[in-house]
Amino acid sequence: QLLASESGQQKRVLLHNDDDLLAIVHALQAKVSEQDAKISTLQAQVASPPTGQGSTYIRWGRTVCPSNGTELVYKGFAAGNWFNWHGGAADYICLTQDPIWGVYEDGANLVSAKIYGTEYEFGEHYSDGGAKFFGSNLYEHDVPCALCHSSRPATVMIPGRNQCYPGWTLEYSGYLVSGRNQGTYDVSATNYACLDTVPESEFGDNQNNNGKLMVLVEAQCGSLKCPPYVQNREITCVVSEQDAEINNIQTTLASKVSEQDAKISTLEAKLASSAAGFAAGNYYNSHGGAADFICLTQDPIWGVYDDGESSHGANIYGTEYEFGENHADGGAKYFGSNLYQHDVPCALCQSHRPASVMIPGRNQCYPGWTLEYSGYLVSGRQKATFDGSATNYACLDSVPESELGDHVDENGKLMVLVEAQCGSLKCPPYVQNREITCVVCSK
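Computed from a predicted model, the values in this text were never measured in an experiment. (Residues numbered from 1 in each chain as written. Predicted model: local features only at pLDDT ≥ 70, side-chain atom pairs only at ≥ 80, totals over all residues. Heavy atoms only, no water.)

Caption draft 1: Up close: the environment of Arg 161. Positionally, Arg 161 belongs in the loop between strand 8 (155–159) and strand 9 (168–178). Given a relative accessible area of 9%, Arg 161 falls into the buried group. For the pair Arg 161 and Val 239, spaced 78 residues apart in sequence, the C-alpha to C-alpha distance is 9.5 Å. Apart from the residues lying within four places of it in its own chain, the contact partners of Arg 161 are Thr 236, Cys 237, Val 238, Thr 297, Asp 299, Pro 300 and Ile 301. Of the polar contacts made by the side chain of Arg 161, one reaches the side chain of Asp 299; its length is 3.1 Å. (Helix = DSSP H or I, 4+ residues; strand = E, 2+ residues; numbered from the N terminus. Buried < 20%, exposed > 50% of the residue type's maximum accessible area, 1.4 Å probe, protein only. Contact = heavy atoms within 4.5 Å. Polar contact = N/O pair within 3.5 Å; in protein donor to acceptor, adjacent residues only side chain to side chain.)

Now the structure itself:
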């Protein structure tokens, strides 16, 4: 700084000497180093999430996981209930190849559940044993499986497409499968599963041992909208995971939190709109076939297909609200409008919260959980004379949607309210014949 003296001469006053400047430089360098360390820590957290985070899924038909940062937890055998048994478990399960036993009794127990291996059942309708779809004859071969773990935070199976929506990573694609629902003796329900498009089988394992069976699923028009679906066409599927980029957004640097939160909201809005679909499943009076309600995408992508009807396959239909017989108002008492025989829509939603759960019996979340939606527990009818198809339970939103003019009685998969039955179910707290609520919560 320059100061004027009484003599008119200017004198320079040194406010900071060299030692002061050096100290300031060192302090700034320390702050830069501190910020660099914070950035490195955040980047490391993004690249390698803490142990226990990530997601898992079953890869049906394969013994390896994709080489995209996904690791194999174990390989095993696809298994489940015998194909022509009433009752028992509906879902396919991946049994490990290296079991560890607890206490056991090797004698047969008459009052028990049995578990069997699974066979590809692509022989009756497809003379090539499914080679048109999968590249080789798989008829009566046994089905392997693999449990895969990824660092990506969310995994979803999308029926009706063999490509991921934007912002998601492909794990594998294939064809939707279930148990047969037209065979005379096929009375055991299954869930739907996504069979890899290049499934494996072992040489010499094609013995007709039956067990749980696996067939291709074909679209059935009516309650299921055609177009976009096509009568008797085989349904594709894809297993995808949330991209690392979205995870990066969620763990972004503090200086861009607001900006990146806005990006997350935009991505979630796009995902919710693109993943709207049709509730679908097995025909209400078919024995066997798949048990679960499934949300078919509105914009299907086809793989190889054969539009001829398969006499030994699995069909998939749209779903109708069946609130007419016991509810004169078509369910308006519960949902605000008459829904009887209207078709059921659905939406696949993704939240930045890592865990979600459906709680039957409540319409409020427990403390510490965020409400996603509440409603009523539904399933297929179980007392009607001709309703032979099992279902899973689902939580129907308390303000459900339906399209004007879609209330034609085309049946398909049906949806009714679930009522409590006292006995082995404790009453109280439950009440005989009272409709059960439900809530979906996330954390």
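Caption draft 2: Quick look at unusual backbone geometry. The omega torsion of the bond from Cys 226 to Pro 227 falls at -10°, within 30 degrees of zero and hence cis. On the secondary structure map, Pro 227 appears in the loop between strand 11 (212–219) and strand 12 (236–242). The peptide bond linking Pro 227 to Pro 228 adopts the cis configuration, its omega dihedral lying at 15°. The topology assignment puts Pro 228 in the loop between strand 11 and strand 12. In the Ramachandran plot, Glu 140 falls in the positive-phi region, its phi being about 65° despite a non-glycine side chain. If you trace the backbone, Glu 140 turns up in the loop between helix 2 (131–134) and strand 7 (144–150). Positive phi, normally seen in glycine, also occurs at Asn 232, with a value near 65°. Tracing the backbone through its elements, the reader meets Asn 232 in the loop between strand 11 and strand 12.

Caption draft 3: Local environment of the pattern of salt bridges. Within the structure shown, the criterion is met by 9 salt bridges. Put simply, Arg 180 and Glu 121 hold a salt bridge, and the shortest N to O gap is 3.7 Å. Here Arg 180 is found in the loop between strand 9 and strand 10 (193–196), whereas its partner Glu 121 is found in the loop between strand 6 (116–120) and helix 2, with 59 residues between them in sequence. Between Arg 152 and Glu 241 there is a salt bridge whose closest N-O contact spans 3.0 Å. In this pair, Arg 152 sits in the loop between strand 7 and strand 8 while Glu 241 sits in strand 12, placing the two residues 89 residues apart along the sequence. Exposure class is identical for Arg 152 and Glu 241. Each is buried. (Salt bridge = Lys/Arg side-chain N within 4 Å of Asp/Glu carboxyl O.)

Caption draft 4: The state of the cysteines, seen in detail. Taken as a whole, this structure holds 7 disulfides when the rule is applied. A sulfur-sulfur distance of 2.1 Å marks the disulfide that ties Cys 65 to Cys 148. Judged by the sign of its S-S torsion, about -95°, the cystine formed by Cys 65 and Cys 148 is left-handed. Taken together, the positions of Cys 65 in the loop between strand 3 (55–60) and strand 4 (71–80) and Cys 148 in strand 7 put the pair 83 residues apart, joining distant regions of the chain. Given a relative accessible area of 15%, Cys 65 falls into the buried group. Here Cys 295 engages in a disulfide with Cys 346; their sulfurs sit 2.0 Å apart. In this structure, the disulfide formed by Cys 295 and Cys 346 twists by about 95° around the S-S bond and is classed as right-handed. Pair noted here: Cys 295 is in strand 14 (residues 294–297) and Cys 346 is in strand 16 (residues 345–347), with a separation of 51 residues, a long-range link. Free of any disulfide, Cys 349 has its nearest neighbouring cysteine sulfur in Cys 295, separated by 8.8 Å. (Disulfide = S-S within 2.5 Å.)

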